[in-house]
Amino acid sequence: DSVAQGRGFKCKLCTKALKKIQALAGDDPDEAAVAAALQKGCQVLGRAKGKRCQQLVNKYRDQITEGLQNGDMPQDICAAMGICPS
């Protein structure tokens, strides 16, 4: 159904965005590194996806920052935010 499809798309976008952000933040990032990566990571995805990514980042900034600082996998962070199935 369309809800599951929408969720699948969001999950893919979330995972893709967080992989990008994780790569930009580097290993063992501090809050400033994560903040800079969050900013850049969404821009790389292009205009439409970038806008969605930015909304996601704004809404879940604390969880994303904490997840990345804990070294969690993008899939796990997205699942913890309820975007991907866990």
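The text that follows walks through the structure, step by step, so that each part is easy to find. Just so you know, these numbers come straight off a predicted model, no measurement behind them.

## Points about unusual backbone geometry
- Even without glycine at this site, Asp 28 takes up a positive phi of about 50°.
- Looking at where Asp 28 falls in the secondary structure, it is placed in the loop between α1 (2-25) and α2 (31-44).

## Overview of the nonpolar core
- The biggest cluster of nonpolar side chains holds 24 residues, and the ones touching the most others in it are Cys 14, Leu 18, Ile 21, Val 57, Ile 64 and Met 81.
- Secondary-structure elements contributing two or more residues to this core are α1, α2, α3 (47-70) and α4 (74-80).
- If you tally residues by element for this core, the top one is α1, at seven residues.
- Excluding residues within four positions of it along the chain, Leu 18 makes contact with Ile 64, Pro 74, Ile 77 and Cys 78.

## A look at the environment of Ile 64
- Checked against the element boundaries, Ile 64 lands in helix α3.
- Owing to a relative accessible area of 0%, Ile 64 belongs among the buried residues under this scheme.
- When the C-alpha positions of Ile 64 and Cys 78 are compared, they lie 8.4 Å apart, and in sequence the two are 14 residues distant.
- Look past the residues within four positions of Ile 64 in its chain and what remains in contact with it is Leu 18, Leu 38, Leu 56, Val 57, Ile 77 and Met 81.

Parameters at a glance
Residues numbered from 1 in each chain as written. Predicted model: local features only at pLDDT ≥ 70, side-chain atom pairs only at ≥ 80, totals over all residues. Heavy atoms only, no water. Helix = DSSP H or I, 4+ residues; strand = E, 2+ residues; numbered from the N terminus. Core = buried A, V, L, I, M, F, W, Y, C linked by side-chain atoms within 4.5 Å. Buried < 20%, exposed > 50% of the residue type's maximum accessible area, 1.4 Å probe, protein only. Contact = heavy atoms within 4.5 Å.

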